[in-house]
Amino acid sequence: MAAMTFIVVSIAVRGVQDVPIALDRARQAVGDGARLVEWRLDELAEEEGALRAAERLLRESPAPSIVTIRPENEGGQYAGPDDERISLLEALATGEYPPRYIDIELETIQRSMNVRQKVMLAVQHGRQVRDLHTALIVSSHDFRQRPADLLQRIEAMTNEAAASVVKIVWQARSLRDNLEAFDLLRERRKPMAAFCMGSMGLMSRVLAPKFGGLFTYAGDIPTEVTAPGQLMVRELRERYRFDSIGSGTNVYGVIGWPVAHSLGPAIHNAGFDAVGHDGVYLPLPVPPEYEHFKATVGSLVDHAPLDFRGASVTIPHKTNLVCFVRERGGVIEALAEKIGAANTLVVRENGVLEARNTDAPAAVEALCAGMGIELGELRSKRIAVLGAGGVARAVVWGLARLGAHVVVFNRTQERAAELAAAFAGRPLSGESNGAAKVEAGRGSDLGCGCFHAIVNCTSIGMKRLDGDEENGSDQSSESPLDVLADGAEVQLDENVTVMDTVYTPRATPLIVEARERGARIVTGDAMFFRQAAMQFELWTGKEAPVALWRKDLTERSG
Ligand code: NAP
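Keep in mind that this is a model prediction, so the values were computed, not measured.

### Regarding empty space enclosed by the protein
Think of a ball as big as a water molecule: rolled over the atoms, this probe shows where empty space is left.
Next up, step 1: In this structure the tally under the stated criterion is three cavities of 30 Å³ or more.
Next up, step 2: Together, 17 residues line the largest cavity, and R40, H141, K167, T226 and A227 are the ones closest to its centre.
Next up, step 3: Residue assignment for the lining of the largest cavity shows that the elements contributing at least two residues are β2 (36-40), β6 (163-171) and β7 (192-197).
Next up, step 4: A breakdown of the residues in the lining of the largest cavity according to their chemical character gives six nonpolar, five polar and six charged.
Next up, step 5: Split by residue class, the lining of the second largest cavity holds six nonpolar, two polar and no charged.

What follows is the structure in structure tokens.
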């Protein structure tokens, strides 16, 4: 039976007048699933009447408490003298309403013999003769990076006689930091919490139950988090399925830069839940360069206890995935090899890696469904693809290999010509005879009235989400036809199908215009759900609950 990991909600109490609000917040968080409340008294501790206010918090706390008064040098707000805060903690631990734990920094205990002795007398431990009910968490924090003396700190905290729990926290610089936190948990000699801060550290907060961490800390209000990278209690439980994570849980994620706004965690975790798959799907930010990709993904794959079983791979790593799997001697699906990019990593139980491209078949299926035709009927169709980036490459080859006549339009003409040259004349897929028909078009050719379908693979129409600066400017008021057609009138009527690969928003200006002018439309979410469903099926062997995903997304977008 795996050790239980408690969700601790951390609540900063700014002053005496804050106590009722803090208690309300704690009740709400406990209702949401927090099992302990950490009262952060950094600011309250410096106020007149702190002891009585703190006792009220302990008396009325809706769950067992941890009391922490963190000094500034360990990332807290307390600026007063050490002996005063230690005296307050001591008074609480030996008082009428003792907290379950007090948290004191290793550095504080090591700095003063006097503090160590005071603490020894105030908490429960093996050599304690008094009947006390508060245990000691000894903690250590580094807000910049992995401390150089990490292992010595763990050793010192573990050897501290009064310590019941060891807590180590540092700022993750890469996803690899999490793996070291997991190794510390696996090798622990005392109950331990080990995790990393920052967006790179999210994994260690979610996967604490997999490695037997005693606590994971979460917030209750996004603007009130007490440490960078902290998730909300509800987010941990609802989005990341915290309660069902155990030692055998398989790990998946979305690898990209940035990844914070990806819909992947919401849909795949809901999907795992719906089909009863023991898995969790996480955002996995990896900086753009290949060296980062290789080092990080290599470490995830090689860390056997992590049970890393696969990933969705997005901008800017789709070509990196093909290189990586090739270097590792894995299997590159023929389609991904031809396109030169893959969006899906599968890690088989025997360690074999597979790179696949589900963007291309997803786009083709979504388009054919929208056109009301079978895949085989593409041979007689002429299709305009707008854009020459990564998605365009997958869509162009996906259509051309089945015999469609594809014309590529792009702002940068040379890229369209290069893309067309890469695929034109190649043999068609499977049993089909013939050669692929792909050419680059000039803007005004879009007005020829000769296309059965137009597929937007540029980012025009996409809304930039807050905090997503790396994805360029907001293009949500523009239509690619206005930008690329050189003023030509583009035929849009019931004989034409218009598909957008952009899915935020669902109704892009292109889709709105096409609908108004009577064309058939295919929105970007059709492709998005299909490519995600194919990934889901590769990982779980089960059919993806696409109807549920659709419902969730519709509710989410109001
Ligand atoms: P990419 O490689 O960066 O390519 C971007 C393309 O957009 C290029 O052709 C670029 O033209 C063009 N472009 C960008 N801004 C433009 C502007 N202001 N005017 C004219 N052309 C412009 O990106 P990608 O990976 O192909 O992704 C493209 C879009 O596909 C994304 O924005 C995303 O919304 C969508 N997508 C959808 C799915 C799905 O499942 N539905 C999956 C992945 C991506 P230049 O060559 O001239 O720069």
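### Structural notes on the side chain of R40
Next up, step 1: Here R40 lies in strand β2.
Next up, step 2: The residues touching R40, leaving out its near neighbours within four places in the chain, are S10, I11, A12, V13, T68, R70, G75, G76 and T226.

### Observations concerning the sheet that holds strand β17 (residues 437-440)
Next up, step 1: Spatially, the six strands line up as an open sheet ordered β17-β16-β15-β18-β19-β20, and their pairing is parallel. Each of the sheet's edge strands pairs with one partner strand only, and the pair in question is β17 and β20 (520-522). Strand-to-strand, the axes of this sheet are offset by a mean angle of 20 degrees, without reference to chain direction.
Next up, step 2: When strand β19 (residues 497-500) meets β20, the two strands line up parallel, connected through three bridges. By the bridge assignment for β20, M499 is matched with V522.
Next up, step 3: Strand contacts of helix α16 (residues 413-423): β16 (405-409) and β17, with the helix running at about 165 degrees to β17, the strand carrying the most contacts.
Next up, step 4: Packed on one face of the sheet, helix α18 (residues 509-516) meets β18 (453-456), β19 and β20 and runs near 165 degrees to β19.

### Quick notes on helix α19 (residues 524-540)
Next up, step 1: Between its first and last C-alpha, α19 extends 24 Å over 17 residues, near the 24 Å set by a 1.5 Å rise per residue.
Next up, step 2: In terms of burial, α19 is a largely internal element, 15 of the 17 residues being buried.
Next up, step 3: Residue G541 follows α19 closely and has a positive phi angle near 70 degrees.

### As for the packing of aromatic side chains
Next up, step 1: Under the definition given, this model contains 16 aromatic pairs.
Next up, step 2: Ring centres of F215 and Y217 lie 6.0 Å apart, and the angle between their planes is 85 degrees; this geometry places the pair in the edge-to-face category.
Next up, step 3: Residue class for F215 comes out buried when judged on its relative accessible area of 2%.
Next up, step 4: The class of Y217 is buried, set by a relative accessible area of 3%.
Next up, step 5: Between the aromatic rings of F529 and W549, the centroid separation amounts to 6.2 Å while the plane-to-plane angle is 35 degrees, which identifies the pairing as tilted. Pair noted here: F529 is in helix α19 and W549 is in helix α20 (residues 546-556), with a separation of 20 residues, a long-range link.
Next up, step 6: The class of F529 is buried, set by a relative accessible area of 1%.
Next up, step 7: Ring pairs connect the aromatic residues Y252, F272, Y281, Y503, F528, F529, F536, W539 and W549, which therefore count as one cluster.
Next up, step 8: If you follow K167 out to its NZ or CZ, it ends over the ring of Y217, 4.1 Å from the centre.
Next up, step 9: Residue placement shows R426 over the ring face of W397; its charged tip is 5.8 Å from the ring centre.

### A look at the site of the ligand
Next up, step 1: Neighbouring residues of the ligand: 24 residues in total, closest V391, N410, T412, R415 and T501.
Next up, step 2: Side-chain polar atom of N410 to an oxygen atom of the ligand: 2.7 Å apart, as the coordinates give it.
Next up, step 3: The side chain of R411 places a nitrogen or oxygen atom 2.9 Å from an oxygen atom of the ligand.
Next up, step 4: In isolation the ligand exposes 930 Å². Once the protein is present, 82% of that is buried.
Next up, step 5: For the shell around the ligand, the secondary-structure elements that each account for two or more residues are α15 (390-400) and α19.

### Some remarks on the environment of V225
Next up, step 1: Along the polypeptide, V225 turns up in the loop between β8 (215-218) and α9 (233-239).
Next up, step 2: For the pair formed by V225 and P509, sequence separation is 284 residues and the distance between their alpha carbons is 38 Å.

### Comments concerning the pattern of salt bridges
Next up, step 1: Summed over the entire model, instances satisfying the criterion amount to 37 salt bridges.
Next up, step 2: Across the pair E224 and R14 runs a salt bridge, and its minimum N-O distance is 3.3 Å. Placement of the pair is E224 in the loop between β8 and α9 and R14 in the loop between β1 (6-12) and α1 (19-32), with a sequence separation of 210 residues.
Next up, step 3: A relative accessible area of 38% means that R14 is categorised as partly exposed.
Next up, step 4: A salt bridge links R550 to D525; the shortest N-O distance between them is 3.7 Å. Placement of the pair is R550 in helix α20 and D525 in helix α19, with a sequence separation of 25 residues.
Next up, step 5: Note on D525: relative accessible area 4%, which makes it buried.

### Some remarks on the sheet that holds strand β3 (residues 65-68)
Next up, step 1: Reading across the sheet, the eight strands line up as β7-β6-β5-β4-β3-β2-β1-β8 and stay open at both edges, with parallel pairing between neighbours. In this open sheet, the two edge strands, each paired with only one partner strand, are β7 and β8. Pairs of neighbouring strands in the sheet enclose a mean axial angle of 25 degrees, with direction left out of account.
Next up, step 2: Judged from the five bridges that link them, β1 and β2 form a sheet pairing that is parallel. Within β2, the residue paired with V9 across the bridge is V37.
Next up, step 3: Here helix α3 (residues 82-93) sits on the sheet and contacts β3 and β4 (101-105); the angle it forms with β4, its principal contact strand, is near 160 degrees.
Next up, step 4: Helix-sheet contacts for helix α6 (residues 150-159) involve β5 (135-142), β6 and β7, and the interaxial angle to β6 is about 160 degrees.

### Structural notes on the environment of V259
Next up, step 1: Tracing the chain through its elements places V259 in the loop between β9 (250-256) and α10 (264-275).
Next up, step 2: Those residues in contact with V259, other than ones at most four positions away along the chain, are V254, P283, L284 and P285.

### Describing the state of the cysteines
Next up, step 1: Summed over all chains, the structure comprises one disulfide.
Next up, step 2: Here C448 connects covalently by a disulfide to C450, the sulfurs 2.0 Å from one another. Where C448 bonds to C450 through sulfur, the torsion about that S-S bond is close to -75 degrees, and the disulfide is left-handed.
Next up, step 3: For the unlinked cysteine C457, the closest cysteine sulfur is that of C368, found at 14 Å.

What counts, and at which threshold
- Residues numbered from 1 in each chain as written.
- Predicted model: local features only at pLDDT ≥ 70, side-chain atom pairs only at ≥ 80, totals over all residues.
- Heavy atoms only, no water.
- 1 Å grid on protein atoms, 1.4 Å probe; cavity = no way out; pocket = protein on both sides within 12 Å on 5 of 7 lines; lining within 4 Å.
- Points joined across faces, edges and corners; volume = space filled by probe spheres on them.
- Helix = DSSP H or I, 4+ residues; strand = E, 2+ residues; numbered from the N terminus.
- Nonpolar A, V, L, I, M, F, W, Y, C, P; charged D, E, K, R; others polar.
- Contact = heavy atoms within 4.5 Å.
- Pairing = 2+ DSSP bridges.
- Axes fitted to C-alpha atoms, helices over the stretch in contact; angles between N-to-C directions.
- Expected span 1.5 Å × (residues − 1).
- Buried < 20%, exposed > 50% of the residue type's maximum accessible area, 1.4 Å probe, protein only.
- Phe/Tyr/Trp six-rings, centres within 6.5 Å; stacked < 30°, edge-to-face > 60°.
- Lys NZ or Arg CZ within 6 Å of the ring centre and 35° of its normal.
- Near = heavy atom within 4 Å.
- Polar contact = N/O pair within 3.5 Å; in protein donor to acceptor, adjacent residues only side chain to side chain.
- Areas by Shrake-Rupley, 256 points an atom, 1.4 Å probe, with all protein chains shown as cover.
- Salt bridge = Lys/Arg side-chain N within 4 Å of Asp/Glu carboxyl O.
- Disulfide = S-S within 2.5 Å.

Limitation: the analysis is restricted to geometry and does not speak to function.
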